[in-house]
Amino acid sequence: MKNIVALTSSMITGNNSSFKLQLRLIEEHWSKGRFIKEFYSTEVGTVFGHIFTLDDEEFISTINLYFGDNANTTEVCDYLEETFCERNLNRLCKNFVSVSLQSPHFDLIFGVIETKLGKKYREENSIFEHKMFKAPLTVPEKIPVPQGYILGPLQLSCVESVVQQWAKDLELNTSDEAPLNILRSTVVANIKERPGFGVYKEGEPGLPVAWITMYSGGELGMLHVVKEHRRRKLARILLREMLRVVREALGQEFRTHCFVKLHNTDCQKLLHSEGWIEQPYNNKRMYFHTDYLSKLN
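The structure reproduced in this document is the subject of the present report. (Residues numbered from 1 in each chain as written. Predicted model: local features only at pLDDT ≥ 70, side-chain atom pairs only at ≥ 80, totals over all residues. Heavy atoms only, no water.)

1. Details of the packing of helix H7 (residues 234-250) against helix H8 (residues 265-273)
When two helices pack together, their arrangement is given by the angle between their axes and by how far apart the axes lie.
Now for step 1: H8 packs onto H7 with a crossing angle of 55° between their chain directions and a minimal axis gap of 11 Å. Accordingly, the angle class assigned to the pair H7 and H8 is oblique. Here H7 runs over H8; the crossing is right-handed. Together, Ala235, Arg236 and Leu239 of H7 and Leu270, Leu271 and Ser273 of H8 make up the contact between the two elements. (Axes fitted to C-alpha atoms, helices over the stretch in contact; angles between N-to-C directions. Helix = DSSP H or I, 4+ residues; strand = E, 2+ residues; numbered from the N terminus. Parallel < 35°, antiparallel > 145°, perpendicular 65-115°, else oblique. Left-handed = near helix turned anticlockwise from the far one by under 90°. Contact = heavy atoms within 4.5 Å.)

2. Considerations on the pairing of strand S6 (residues 130-134)
Now for step 1: Along S6, four of the five residues are buried, which leaves the element largely enclosed by surrounding structure.
Now for step 2: Of the pairings in the sheet, the one linking S6 to strand S11 (residues 257-261) comprises five bridges and is antiparallel in character. Paired with Phe133 across the two strands is Cys258, which belongs to S11.
Now for step 3: Pairing analysis gives two bridges linking S6 to strand S12 (residues 277-278), with the strands arranged antiparallel. Note on S12: the bridge partner recorded for Lys134 is Ile277. (Buried < 20%, exposed > 50% of the residue type's maximum accessible area, 1.4 Å probe, protein only. Pairing = 2+ DSSP bridges.)

3. Examining a positive patch on the surface
Now for step 1: Among the surface-exposed residues, Lys168, Lys227, Arg230, Arg231 and Lys269 lie close enough to one another that they form a single positively charged patch.
Now for step 2: Along the chain, Lys168 falls in helix H5 (residues 159-169).
Now for step 3: On the basis of relative accessible area, Lys168 is assigned to the exposed category, the value being 61%. (Patch = residues over 30% accessible without salt bridge, like charges linked within 9 Å, V, L, I, M, F, W, Y side chains within 5 Å. Areas by Shrake-Rupley, 256 points an atom, 1.4 Å probe, with all protein chains shown as cover. Salt bridge = Lys/Arg side-chain N within 4 Å of Asp/Glu carboxyl O. Lys, Arg positive; Asp, Glu negative; His and termini not counted. Charge placed at Lys NZ, Arg CZ, Asp CG, Glu CD.)

4. Observations regarding the side chain of Arg24
Now for step 1: Structurally, the position occupied by Arg24 is in helix H1 (residues 17-27).
Now for step 2: Side-chain polar atoms of Arg24 contact the backbone oxygen of Leu250, separated by 3.3 Å.
Now for step 3: Arg24 has contacts with Ser9, Ala249, Leu250 and Phe254, leaving out every residue within four places of it along the chain. (Polar contact = N/O pair within 3.5 Å; in protein donor to acceptor, adjacent residues only side chain to side chain.)

5. Some remarks on the pattern of salt bridges
Now for step 1: The final tally for this structure, using the stated rule, is 12 salt bridges.
Now for step 2: Residue Lys116 is joined to Glu81 by a salt bridge in which the shortest nitrogen-to-oxygen separation is 3.1 Å. In this pair, Lys116 sits in helix H4 (residues 106-117) while Glu81 sits in helix H2 (residues 73-83), placing the two residues 35 residues apart along the sequence.
Now for step 3: Note on Lys116: relative accessible area 13%, which makes it buried.
Now for step 4: According to the relative accessible area criterion, Glu81 is partly exposed, its value standing at 45%.
Now for step 5: One salt bridge connects Arg244 with Glu241, and the closest N-O pair in it is separated by 2.5 Å.

6. A closer look at the packing of H5 against helix H6 (residues 177-193)
Now for step 1: In contact at an axis separation of 9 Å, H5 and H6 are set at 130° when each is read in the N-to-C sense. Classed by the angle they form, the pair H5 and H6 counts as oblique. At the point where H5 passes H6, the crossing takes the right-handed sense. For the pair formed by H5 and H6, the contact residues are Val159, Glu160, Val162, Val163, Gln164, Trp166 and Ala167 on the first element and Leu180, Leu183, Arg184, Thr186, Val187, Val188 and Ile191 on the second.
Now for step 2: Looking at side-chain class alone, the contact of H5 with H6 contains 10 nonpolar, two polar and two charged residues. (Nonpolar A, V, L, I, M, F, W, Y, C, P; charged D, E, K, R; others polar.)

7. Points about the environment of Ile63
Now for step 1: Residue position: Ile63 is located in strand S4 (residues 60-67).
Now for step 2: Using a relative accessible area of 2% as the deciding quantity, one classes Ile63 as buried.
Now for step 3: Along the chain, Ile63 and Ile36 lie 27 residues apart, while their C-alpha atoms are 9.7 Å from each other.
Now for step 4: Apart from the residues within four sequence positions on either side, Ile63 is in contact with Ile51, Phe52, Phe84, Leu92, Val97, Ser98, Val99 and Ser100.

8. Considering the packing of aromatic side chains
Now for step 1: Taken as a whole and assessed by the stated rule, the structure comprises eight aromatic pairs.
Now for step 2: What links up through ring pairs into an aromatic cluster is the set Tyr40, Phe48, Phe67 and Tyr79.
Now for step 3: The ring centre of Tyr149 lies 4.9 Å from the NZ or CZ of Lys201, which sits over that ring. (Phe/Tyr/Trp six-rings, centres within 6.5 Å; stacked < 30°, edge-to-face > 60°. Lys NZ or Arg CZ within 6 Å of the ring centre and 35° of its normal.)

9. Regarding unusual backbone geometry
Now for step 1: A positive phi angle, near 70°, is found at Glu58, a position not held by glycine.
Now for step 2: Here Glu58 lies in the loop between strand S3 (47-54) and S4.
Now for step 3: Classification of Glu58 by relative accessible area gives partly exposed; the value is 38%.
Now for step 4: Of note, Arg231 is a non-glycine position whose phi angle comes to about 65°, a positive value.
Now for step 5: Structurally, Arg231 is set in the loop between strand S10 (219-225) and H7.
Now for step 6: Classification of Arg231 by relative accessible area gives exposed; the value is 81%.

As structure tokens, then:
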């Protein structure tokens with residue numbers, strides 16, 4: 001394989017919507033972290049590529065893989081050998097790394113990656129069991145915010161509310177600051193760099209009762225409504241507002257997505273009712289981690 005000039009989001013075709021979206025976010029400066037983008041071409045013109053996201057210590061924390069539509073199994077294996085070489089394995093984050101991919105060769109790719117990362121992480125590498133949903137082609141009309149509530153941007157003053165709920169969802173020990181700091185840095189980046197919205201009670205602008213954010217890869221997440229404020233369509237309002245803003249800023253062709261845990265049937269029902277499309281199993285995100293963060297599983 002040979003290195004080629006970096007692709008742009010407009011050049012990505014086929015089923016690689018999540019890779020296309022992350023490239024677009026980087027181009028629009030909605031993702032301001034440190035990234036390494038590398039692209040390769042085979043002798044017959046099949047294109048492969050990846051985006052490495054680097055953490056504060058310059059280690060690779062997330063990997064988004066791109067496989068050309070016509071890639072065959074031999075080409076896939078050659079590319080994976082080059083991408084997950086010893087040099088890159090030594091640059092992986094100390095505690096965990098996530099890998100995103102969309103490919104009909106999912107089983108083959110996962111098997112190779114699991115073997116490679118098993119050298120660095122604990123043997124029982126884990127797949128977080130999520131369903132992936134892709135946003136609809138059209139954005140539904142806005143829903144009026146109920147009386148007594150205000151819809152607005154998510155503020156940095158909301159960070160702790162979001163972090164504490166996220167930690168609760170992950171069943172973390174909130175007295176341990178190490179994993180909380182990892183969550184905190186992600187929430188701060190989501191709020192500062194990309195659109196995020198909260199619903200607030202009138203007169204309480206710093207205390208959200210519902211919220212939604214966008215991750216650096218372009219997926220929507222952290223959608224939550226405080227229990228006492230449910231059954232008021234607040235989640236539906238937030239979801240539609242995020243879709244509207246993303247489409248207006250990035251264009252109609254860029255369809256965001258989200259990952260929903262298997263047991264979160266309420267969220268899955270909401271997405272189905274809003275026209276989101278559940279993706280086949282080979283659209284996955286894999287999480288590998290050390291025992292240090294095994295409680296995140």
